[in-house]
Amino acid sequence: MYDGKSDPQEHVIAINNQMEVIAPTESLKCNLMAGTWKDVALRWYMILPQQSISSYQDLTKKLVQHFSAVRRRKVSTTILFTVRQGPSESLREYLARFNEETTKVSHPNQELFVGAFQHILIAGHFNESLVQKPESNMDEIITQSECYIKREDDNREKRIRDSAINLRPREGESGKREAPRERRDERPSQKPLQRPQPREETHNALSSIVGDIF
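None of the values given here were measured: they were computed from a predicted structure.

Calculation rules
- Counting restarts for each chain: residues are numbered from 1 in the order of the written sequence.
- Where local features are concerned, this predicted model is filtered to residues with pLDDT of at least 70; where side-chain atom pairs are given and counted, the filter is 80 or more; whole-chain, interface and lining totals use all residues.
- With hydrogens and water stripped out, all remaining heavy atoms of the structure feed into the side-chain values.
- Here a strand is any run of E in DSSP of at least two residues, a helix any run of H or I of at least four, and the numbering for each starts at the N terminus.
- Contacts are assigned to residue pairs that have any heavy atoms within 4.5 Å of one another.
- Each patch is built from salt-bridge-free residues with over 30% relative accessible area, joining like charges within 9 Å and nonpolar side chains (Val, Leu, Ile, Met, Phe, Trp, Tyr) within 5 Å.
- In these tables, accessible area is a Shrake-Rupley quantity obtained with a 1.4 Å probe, and a residue counts as shielded only by the protein chains included in the view.
- Salt bridge criterion: a side-chain nitrogen from Lys or Arg within 4 Å of a carboxyl oxygen from Asp or Glu.
- Three exposure classes are used, based on accessible area relative to the maximum for each residue type with a 1.4 Å probe and protein chains only: buried under 20%, partly exposed in between, and exposed over 50%.
- Side-chain rings of Phe, Tyr and Trp (the six-membered ring for Trp) are treated as a pair once their centres are within 6.5 Å; stacked means planes under 30 degrees apart, edge-to-face means over 60, and tilted covers the remaining angles.
- To define axes, lines are fitted to C-alpha atoms, for helices over the stretch in contact only, and angles between the resulting N-to-C directions are given on a 0 to 180 degree scale.
- Between 65 and 115 degrees an angle is taken as roughly perpendicular, under 35 as roughly parallel, over 145 as roughly antiparallel, and anywhere else as oblique.
- Throughout, a crossing is termed right-handed when the near helix is turned clockwise from the far one, and left-handed when it is turned anticlockwise from it by less than a right angle.
- Charged residues are taken to be Asp, Glu, Lys and Arg, nonpolar residues to be Ala, Val, Leu, Ile, Met, Phe, Trp, Tyr, Cys and Pro, and polar residues to be all remaining types, Gly included.

Enquirer: Looking at this structure, I do not really get the environment of Leu-95. What am I missing?
Expert: Assignment of secondary structure puts Leu-95 in helix H5 (residues 91–102). Taking the C-alpha atoms as reference points, Leu-95 and Leu-121, separated by 26 residues in sequence, lie 9.9 Å from one another. Setting aside residues up to four positions removed in sequence, Leu-95 forms contacts with Phe-117, Met-138, Ile-141, Ile-142, Ser-145 and Ile-149.

Enquirer: Looking at this structure, I do not really get a nonpolar patch on the surface. What am I missing?
Expert: A surface patch of nonpolar side chains, about 370 Å² in accessible area, is lined by Val-21, Ile-22, Leu-28 and Leu-32. Among the secondary structure elements, Val-21 is positioned in the loop between helix H1 (8–19) and helix H2 (26–34). The exposure class of Val-21 is exposed, given its relative accessible area of 72%.

Enquirer: Even after reading the chapter, I still don't get the packing of aromatic side chains, so can you show me in this structure?
Expert: Two measures describe an aromatic ring pair: the distance that separates the ring centres and the angle between the ring planes. According to the stated counting rule, one finds 9 aromatic pairs in the structure shown. Relative to Phe-67, the ring of Tyr-2 lies with its centre 5.7 Å away and its plane at 85°, an arrangement referred to as edge-to-face. Pair noted here: Tyr-2 is in the segment before H1 and Phe-67 is in the loop between helix H4 (56–66) and H5, with a separation of 65 residues, a long-range link. For Tyr-2, a relative accessible area of 1% translates into the label buried. Each residue in the set Tyr-2, Trp-37, Trp-44, Tyr-45 and Phe-67 is aromatic and connected to the rest through ring pairs, giving one cluster.

Enquirer: Can you help me understand the packing of H1 against H2 in this one?
Expert: Axes are the key here: two packed helices are described by the angle between their axes and the distance separating the axes. It is the contact of H1 with H2, at a shortest axis distance of 11 Å, that shows an interaxial angle of 125°. In terms of their interaxial angle, H1 and H2 are classed as oblique. In the packing of H1 onto H2, the handedness of the crossing is right-handed. Touching His-11, Val-12, Ile-15 and Met-19 of H1 are Lys-29, Leu-32 and Met-33, all from H2. In terms of residue class, the contact of H1 with H2 is made up of 5 nonpolar, 1 polar and 1 charged.

These values are about where atoms sit, not about what they do.
The structure is reproduced here in C-alpha cells:
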C-alpha cells in the first residue's frame, strides 16, 4: 500500500511488475493502481476532478509528479567513499549498509562500487582475501564474504556464551558473603575472688579467750 510518504516511482514499478502477470485492460490498470493507495495518496486521488485522467500512464505520471518531494534522490558514486565501516560494525552489517547506498547512485558502475568498497574496508582477514583475489562486481564480493561472515557470527556467539558462563557463580559459592564471626575474647577468664577462711589456730585462741571472760 502506498501512503504518499515514500518514493512514488518505486511503487509504480512494483505494481506494474505484478500486473504484467494478468495483462489487465487500461481501465482495470487504473482501478488496480488506485486500490493500492491509502491515507494521503488516497485523499489526493479522491479530490481529482472528474475525467481528468486520460490513461493509465497519465494517472501514474500525475502521481509521481504530485509526490515528487518524497522521491529518492540519486547521488554520485563518490558518496560511496564516505560509507566507512565502523570499528564495532560486523561485516554482515557493513555489506548490507554499503549495498543499500549503491541503490541510490544515479549511474551505477560495478567497477567503481568494488573500488570504493575495497578502499574503505577496514583491515582484516577479508580485506587480505580481496587483495589476494580481487573481484569484479559486488555479487562476487558478497559470495567471497560468506565464509568470513559465518566466522564472525560463530565467534560472536561463543564470546556471548563464554561471558554468560563467567558470570555464573562457581560450584560451592553461594554468591553471598558469610557474616563475620564474633571475635572471641582471647584474654584469660578471671575467677571470682574468694574470701579468705580464718585459720584454725586463730579460732582456737579466740575460743580460749572467750572462755576466760565468761
